[in-house]
Every structure is written in C-alpha cells, then in structure tokens.
Amino acid sequence: MALTLTTLPRDDGFRMPAEWEPHAETWMIWPERPDNWRLGAKPAQAAFAAVASAIAEAEPVTMLVSAGQWENARQRLPATVRLVEATTNDAWCRDTGPSFVVDADGRLRGNDWRFNAWGGFEGGLYSPWDQDDRVAAKILEIERTPRYRAPFILEGGAIHVDGEGTLLTTEECLLNPNRNPGLSRSEIEAELGARLGVEKTIWLSSGLFNDETDGHIDNLACFARPGVVALTWCDDPSDPQYKISRDAHARLTATTDARGRPLDIVRLPMPGPLFMTDEEASGIDAVEGSAERRGGGRLAASYANYYIANGLVVMPLLDPRTDGEALEILGRLHPDRGVVGIAAREILLGGGNIHCITQQQPAGRPA
C-alpha cells in the first residue's frame with residue numbers, strides 16, 4: 001500500500017528531475033471515450049499503440065486500460081507493454097498521472113495534484129472527472145511509491161522543469177481563475193517550489209493559440225537540456241501565434257535560469273496551421289458536457305509536444321511541409337538520442353499530442 005505523506009517534498013530533500021534524466025518506465029492510458037476520439041477511438045488507439053511501441057524499444061511501458069478494452073488493447077500492443085486494468089475518464093496521463101520526485105539517495109516519491117478536467121464547470125472539457133483525479137494515486141499504489149497529495153489543481157502539461165531548479169509555465173494556465181482562484185502568483189510559485197524543489201519559475205504569457213488546456217507550456221515550449229529551450233515559432237504576422245511566440249521569446253531572452261545562465265532559445269517551426277475536417281468531426285459522438293468538436297476548428301499543433309525517453313526522442317509527425325525540419329532540429333538538440341517520428345494527427349484531434357499522453361517515472365526506488 002502506498003503511504004500518503006503530510007510533509008513537503010522539498011523539505012524532505014526531493015526534487016522533480018528533468019525529462020532527459022534516466023527513466024524506470026513510461027506510463028500511458030488507453031483511449032476509448034467516443035465523445036473525444038473519433039470512430040470509437042480506433043484511429044487514436046492505433047496512434048497510441050505506435051507511440052507505446054516506439055517507447056517500449058527504449059524503456060518499459062505500462063498502459064492503464066479499462067476492463068472493457070482489455071482484450072482489444074492486448075491485441076493491439078506488443079507483449080513488451082504491460083497492461084494494468086484501471087478506470088479512467090480519458091487518456092491524458094501527463095495531466096492526470098503523478099509528477100515524480102527523487103532525492104540524492106535515489107529514492108522515489110510522487111506528487112498527486114488535484115484535477116478538474118482543465119477548468120471544472122468554468123471551461124473544463126468533460127464531466128465527471130473523478131476517475132481521472134484518482135489516476136496518480138492508482139499509479140503510486142501500483143508502484144508502492146509514497147504519495148504527496150497536493151491541495152491545489154495542476155496538470156503535468158502545465159509545467160516543464162530543467163531538473164536544476166528552473167520551471168517553465170504560462171500565466172494563461174496557472175493564473176486562470178478556473179484552476180486555483182484563491183492563490184496569487186507568488187503563492188503558486190511557493191507551492192511549486194515546495195512540491196517540485198524548483199527555485200525559479202519563468203512565466204510566459206500565453207500558450208499555443210487555441211489550446212483548449214488554457215495554455216499548457218508543453219505545447220508551446222520545453223527545456224531540451226539545461227539552459228536550452230525549444231520554442232514553437234511562427235513567421236506569419238497575420239497568424240495569432242506570431243505575437244504569442246515573439247512575446248515568449250522576449251521573456252525568455254530577458255531572464256536567466258535558476259543557476260544564472262542565459263537561455264539559448266531554439267525555434268521549432270509551427271506546423272500548419274492545421275484544422276479539423278468536417279469528416280473528422282462527424283466521427284465524434286456529441287455528448288452534453290463534453291468539449292464540442294467542429295469541422296474547421298483550428299488544432300493546437302506543435303512539435304514542442306515531444307517526449308524524451310531513455311536514449312530516444314519520440315516526436316509527432318503533423319505536416320509534411322515542416323516534419324523534416326523539426327526532426328532535424330530535435331536531432332541536433334538531442335545528439336545522444338535517436339529521434340523517431342510518429343504520425344500523430346489522431347492524437348492532435350483529441351486535444352493534445354505525444355507529450356500529453358505520456359508520463360515518465362524516473363529511475364529510483366520507492367521510499
């Protein structure tokens with residue numbers, strides 16, 4: 001049984017490691033809800049299976065799957081991917097899974113944030129979300145890993161750390177009144193410091209244009225290594241993303257990380273813009289209380305939404321016009337890893353991408 005702790009990770013000597021530090025495994029959740037994934041989620045399942053299969057070549061992968069989808073998932077996934085039966089509301093493990101922390105002795109614990117489906121009844125994407133709010137606790141229970149239950153709402157995709165004391169986030173998301181209206185910026189920074197062991201929070205203004213998560217950082221920018229940030233870039237002044245990317249670049253240029261280093265900002269091309277087709281929208285069930293999907297709606301497509309595994313980078317393939325350039329840039333950013341591209345439009349249609357559906361468990365022993 002996992003122990004629920006009443007102390008704070010930083011006080012106990014724990015920090016959140018960077019994504020490029022060694023992993024014990026990757027966690028994912030099998031998609032199935034028909035009001036978010038078109039055609040009974042079959043195209044999305046194929047994309048999730050491709051992502052899981054690629055990561056499983058580099059490190060262990062565990063997929064949470066409902067009882068009703070067990071046989072289907074088992075047939076579609078390689079035997080190297082472990083299946084664990086669990087009830088969830090949807091498949092965004094980055095946002096519902098635990099944010100693991102480690103200490104200098106290699107011990108492992110996990111943060112369990114509160115979850116309200118990206119806004120609750122003030123802009124959230126579905127209801128209920130009670131099972132997703134339990135996902136982190138279930139994973140920590142499976143791993144017999146001690147749990148810190150946070151008193152505030154946070155999704156894993158809203159933060160990105162360099163493992164050396166610096167955290168990236170956006171005002172659009174963390175300061176949104178549909179998350180934690182009673183907390184100020186300084187109070188949120190204090191919570192992040194206490195629970196992730198970070199010393200400096202860098203605030204960008206907005207996330208990617210039309211991102212239904214209210215501006216998650218992992219769809220706009222990410223740390224590629226200490227002192228290096230990959231940023232989604234748009235060169236079209238008529239595109240709403242143009243000003244967002246330039247504001248982010250200005251803020252990143254004007255600051256330093258927690259160790260006083262100026263940031264090297266690497267521009268990632270923006271795919272598209274991409275839009276949902278009428279045919280794609282027609283394959284999604286219309287359910288009251290769930291996000292509405294319409295043909296012609298702009299998709300929040302970004303190459304920054306990639307995943308760093310042991311010896312491997314898994315990136316989304318989104319647009320033949322820009323895929324090659326993005327792959328080449330990520331190869332330069334991660335010279336110690338191979339780069340694998342996965343056709344990821346079906347994940348994008350559901351509202352996120354490869355980083356959103358994965359959650360890393362750092363190497364370490366439960367303590």
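Refer to the structure above for everything that follows.
A quick note: this is a predicted structure, and the numbers were derived from the prediction, not measured.

Draft legend 1. Highlighting the layout of surface pockets. Size it by volume and the largest pocket reaches roughly 320 Å³. Lining the largest pocket are 17 residues, and of these Asn210, Glu212, Glu292, Arg293 and Arg298 lie nearest its centre. Among the secondary structure elements, those contributing two or more residues to the lining of the largest pocket are β15 (298–299) and α10 (345–349). Tallied by class, residues from the lining of the largest pocket come to six nonpolar, five polar and six charged. Considered as a void within the structure, the second largest pocket measures approximately 180 Å³ in volume.

Draft legend 2. Here's a closer look at the environment of valine 81. Positionally, valine 81 belongs in strand β4 (residues 81–85). Given a relative accessible area of 0%, valine 81 falls into the buried group. Sequence separation between valine 81 and histidine 216 is 135 residues; the distance between their C-alpha atoms is 28 Å. With sequence-adjacent residues up to four places away left out, valine 81 is seen in contact with Ala52, Ala56, Val61, Met63 and Arg74.

Draft legend 3. Quick peek at the sheet that holds strand β19 (residues 359–362). Across the sheet, four strands lie side by side as β4-β3-β2-β19; this open sheet has mixed pairing. The two strands at the open ends of the sheet, each matched to only one other strand, are β4 and β19. Neighbouring strand axes in the sheet, compared pairwise and without regard to direction, differ in orientation by 25° on average. As judged from the five bridges shared by strand β3 (residues 61–65) and β4, these two strands associate in the parallel manner. Across the sheet, residue valine 65 finds its bridge partner in β4, namely glutamate 85.

Draft legend 4. Examining the pattern of salt bridges more closely. Taken as a whole and assessed by the stated rule, the structure comprises 27 salt bridges. Salt-bridge contacts for arginine 147 lead to aspartate 112; the nearest nitrogen and oxygen are separated by 2.8 Å. Placement of arginine 147 in strand β7 (residues 147–153) and of aspartate 112 in strand β6 (residues 107–114) is noted, with a sequence separation of 35 residues between them. The burial state of arginine 147 is the same as that of aspartate 112; both residues are buried. Within this structure, Asp112, Asp133, Arg147 and Arg149 form a network of salt bridges that share partners.

Draft legend 5. Quick look at the environment of arginine 109. Relative to the helices and strands, arginine 109 is located in strand β6. A C-alpha to C-alpha distance of 8.5 Å links arginine 109 and arginine 365, two positions 256 residues apart in sequence. What arginine 109 contacts, discounting residues up to four positions off in sequence, is Leu5, Asp12, Phe14, Phe100, Val101, Thr145, Pro146, Tyr148 and Ala367. Polar contacts involving the side chain of arginine 109 include one to the main-chain carbonyl oxygen of alanine 367, which spans 2.7 Å.

Draft legend 6. Structural view of the sheet that holds strand β12 (residues 228–233). Ordered by their spatial adjacency, three strands build an open sheet running β11-β12-β13, and the pairing between neighbours is mixed. Unpaired on one side and paired on the other, β11 (221–225) and β13 (264–269) mark the two borders of the sheet. Each neighbouring strand pair of the sheet contributes to a mean axis angle of 35°, computed without reference to strand direction. Here β12 pairs with β13 via six bridges, running parallel. Along β13, the bridge assignment pairs leucine 231 with arginine 267. Here helix α7 (residues 240–253) sits on the sheet and contacts β12 and β13; the angle it forms with β12, its principal contact strand, is near 160°. Where helix α9 (residues 323–333) meets the sheet, its contacts fall on β11, β12 and β13, and the angle it forms with β13 comes to roughly 155°.

Draft legend 7. Focus on the nonpolar core. Ranked by size, the top nonpolar core spans 94 residues in total, and within it Leu77, Leu252 and Ile347 carry the most contacts. Apart from the residues within four sequence positions on either side, leucine 252 is in contact with Leu168, Ile202, Leu204, Val229, Leu231, Leu263 and Ile265. Of all hydrophobic cores here, the second largest spans 20 residues; its members include Tyr148, Ala158, Ile159 and Leu196.

Draft legend 8. Highlighting the state of the cysteines. Per the counting criterion, the structure on display carries zero disulfides. Looking at the unpaired cysteine 234, the closest cysteine sulfur is the one in cysteine 222, lying at 18 Å.

Draft legend 9. Looking closely at unusual backbone geometry. With an omega dihedral of 0°, the bond running from serine 127 to proline 128 counts as a cis peptide bond. You can see proline 128 is positioned in the loop between β6 and α4 (135–142). The linkage connecting glycine 272 with the following residue, proline 273, adopts the cis geometry, with an omega of 15°. Within the secondary structure layout, proline 273 lies in the loop between β13 and β14 (274–275). At asparagine 210, a position not held by glycine, the phi torsion is positive, near 65°.

Here is what the cut-offs are and how they apply
- Residues numbered from 1 in each chain as written.
- Predicted model: local features only at pLDDT ≥ 70, side-chain atom pairs only at ≥ 80, totals over all residues.
- Heavy atoms only, no water.
- 1 Å grid on protein atoms, 1.4 Å probe; cavity = no way out; pocket = protein on both sides within 12 Å on 5 of 7 lines; lining within 4 Å.
- Points joined across faces, edges and corners; volume = space filled by probe spheres on them.
- Helix = DSSP H or I, 4+ residues; strand = E, 2+ residues; numbered from the N terminus.
- Nonpolar A, V, L, I, M, F, W, Y, C, P; charged D, E, K, R; others polar.
- Buried < 20%, exposed > 50% of the residue type's maximum accessible area, 1.4 Å probe, protein only.
- Contact = heavy atoms within 4.5 Å.
- Pairing = 2+ DSSP bridges.
- Axes fitted to C-alpha atoms, helices over the stretch in contact; angles between N-to-C directions.
- Salt bridge = Lys/Arg side-chain N within 4 Å of Asp/Glu carboxyl O.
- Polar contact = N/O pair within 3.5 Å; in protein donor to acceptor, adjacent residues only side chain to side chain.
- Core = buried A, V, L, I, M, F, W, Y, C linked by side-chain atoms within 4.5 Å.
- Disulfide = S-S within 2.5 Å.

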